[in-house]
Amino acid sequence: MDDLKLIVDAAKAAGEIGLKYFKKNPSTWIKGESSPVTEADIAIDTYLRDTLISARPTYGWLSEETEDNADRLAAKKAFIVDPIDGTRGFIEGSENWVVSIALVEKGCPVIGVLYGPVLDKLYIAVDGEGATLNGKRISTSSAESLADGEFVIPERIGKTIQEQLKKEMKRAPYIHSLAYRIALVADGTYSAGIARPGACDWDIAAADLILTEAGGQFTDINGHRQVYNKAKTRHEWLLSSGKLVQEPLKTALRAAIDIE
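Residues numbered from 1 in each chain as written. Predicted model: local features only at pLDDT ≥ 70, side-chain atom pairs only at ≥ 80, totals over all residues. Heavy atoms only, no water.

Undergrad: Break down helix 5 (residues 178-186) for me, with residues and values.
TA: Within helix 5, nine of the nine residues are buried, leaving the element largely enclosed by the surrounding structure. Among the residues making up helix 5, those that are buried are Leu 178, Ala 179, Tyr 180, Arg 181, Ile 182, Ala 183, Leu 184, Val 185 and Ala 186. Measuring from the backbone nitrogen of Tyr 180 back to the side-chain oxygen at the start of helix 5 gives 3.0 Å, which picks out Ser 177 as the cap. Positive backbone phi, at 85 degrees, marks Gly 188, one or two positions downstream of helix 5. (Buried < 20%, exposed > 50% of the residue type's maximum accessible area, 1.4 Å probe, protein only. Helix = DSSP H or I, 4+ residues; strand = E, 2+ residues; numbered from the N terminus. Polar contact = N/O pair within 3.5 Å; in protein donor to acceptor, adjacent residues only side chain to side chain.)

Take a look at the structure:
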């Protein structure tokens with residue numbers, strides 16, 4: 001079985017596991033300071049780790065719900081996984097959660113898969129081969145200015161940017177899953193998005209490749225692509241967009257940060 005089929009099949013099966021717990025009051029607790037986790041997250045994580053690593057024992061493993069192991073840093077390829085991206089939404093009964101799986105080689109995603117089982121949405125990207133949603137090629141919005149389309153931006157910084165721009169930018173409704181928000185930029189539903197500092201590899205690696213292969217750009221505030229499977233897994237401000245609005249959005253974000 002090749003890597004893509006392995007990952008797609010695993011993502012679909014993981015989604016089915018998640019559905020068994022969805023809207024059924026799964027056990028929930030808090031890890032760290034404020035991050036929720038459910039028994040569904042753990043069940044999916046266990047399934048994916050067992051399935052993927054048993055098939056590819058030389059690959060590294062990085063997951064939100066597995067204790068990190070530095071051995072992954074020496075692996076040529078690594079799986080980067082979020083069993084449920086959008087756990088808060090999952091707990092609240094929102095349909096907007098996804099299983100996120102990326103295969104990273106030398107710091108760069110080469111396969112990215114997001115599966116939203118409630119919505120029955122399967123996003124797939126392979127390096128150099130484009131991105132698809134349920135088998136159909138996708139591309140980013142053709143928006144040419146910040147007045148075009150809707151933007152997925154955190155409320156506080158979004159309001160600051162809107163004030164700067166005399167509210168010409170329209171903010172989209174909030175979605176808990178960062179990976180899914182980026183995918184919605186990739187498929188042209190939204191024109192662009194901003195993520196505050198703190199996103200981790202597992203939140204963004206698969207979505208990064210999906211957006212990039214859809215013709216978009218996923219960078220930090222300085223325009224740099226992200227590198228994955230490093231010792232440090234957290235990232236700074238991130239922008240996802242079609243190519244034509246990236247620079248004006250970057251400029252607006254810089255100004256808003258200075259104001260804050």
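Undergrad: Break down helix 1 (residues 3-21) for me, citing the residues and quoting the values.
TA: The terminal C-alpha atoms of helix 1, which comprises 19 residues, lie 28 Å apart, in line with the 27 Å expected from a rise of 1.5 Å per residue. Within helix 1, the full set of buried residues consists of Asp 3, Leu 6, Ile 7, Val 8, Ala 10, Ala 11, Ala 14, Gly 15, Ile 17 and Gly 18. Lys 23 lies just past helix 1 and shows a positive phi near 60 degrees. (Expected span 1.5 Å × (residues − 1).)

Undergrad: Could you give an account of the environment of Ala 147, naming the residues involved and the relevant values?
TA: Residue placement: Ala 147 occurs in the loop between strand 9 (136-137) and strand 10 (150-152). The exposure class assigned to Ala 147 is partly exposed, which follows from its relative accessible area of 43%. A sequence separation of 69 residues divides Ala 147 from Gly 216, and the C-alpha atoms of the two residues are 18 Å apart.

Undergrad: Describe the sheet that holds strand 14 (residues 238-241), and please don't skip the residues or the numbers.
TA: If you walk across this open sheet you meet the five strands as 11-10-12-14-13, and the pairing is mixed. Taken across any chain shown, the strands that pair with only one partner, and hence form the sheet edges, are strand 11 (170-171) and strand 13 (217-220). Here strand 10 runs beside strand 11; their pairing, made up of two bridges, is parallel. Directly across from Phe 151, in strand 11, lies its bridge partner Arg 171. (Pairing = 2+ DSSP bridges.)

Undergrad: Break down the packing of aromatic side chains for me, citing the residues and quoting the values.
TA: According to the stated counting rule, one finds five aromatic pairs in the structure shown. Between Phe 22 and Phe 90 the ring centres are 5.5 Å apart and the planes differ by 45 degrees, which places this aromatic pair in the tilted class. With Phe 22 in the loop between helix 1 and strand 1 (28-31) and Phe 90 in helix 3 (residues 87-92), the pair connects residues that are 68 residues apart, well separated along the chain. Of the two residues, Phe 22 and Phe 90, neither departs from the other in class, the shared state being buried. (Phe/Tyr/Trp six-rings, centres within 6.5 Å; stacked < 30°, edge-to-face > 60°.)

Undergrad: Which residues make up the pattern of salt bridges, and what values do they have?
TA: Tallying each qualifying case throughout the model produces eleven salt bridges. Glu 64 is the salt-bridge partner of Lys 31, the closest N and O atoms lying 3.4 Å from each other. Placement of Lys 31 in strand 1 and of Glu 64 in the loop between strand 3 (60-63) and strand 4 (77-85) is noted, with a sequence separation of 33 residues between them. Using a relative accessible area of 21% as the deciding quantity, one classes Glu 64 as partly exposed. One salt bridge connects Lys 76 with Glu 105, and the closest N-O pair in it is separated by 3.9 Å. On the criterion of sequence distance, the pair formed by Lys 76 in the loop between strand 3 and strand 4 and Glu 105 in strand 5 (residues 98-105) is long-range, its members being 29 residues apart. The exposure class of Lys 76 is exposed, given its relative accessible area of 55%. Overall, the relative accessible area of 23% leaves Glu 105 in the partly exposed class. Salt bridges sharing common partners tie together Asp 3, Arg 56 and Lys 77. (Salt bridge = Lys/Arg side-chain N within 4 Å of Asp/Glu carboxyl O.)

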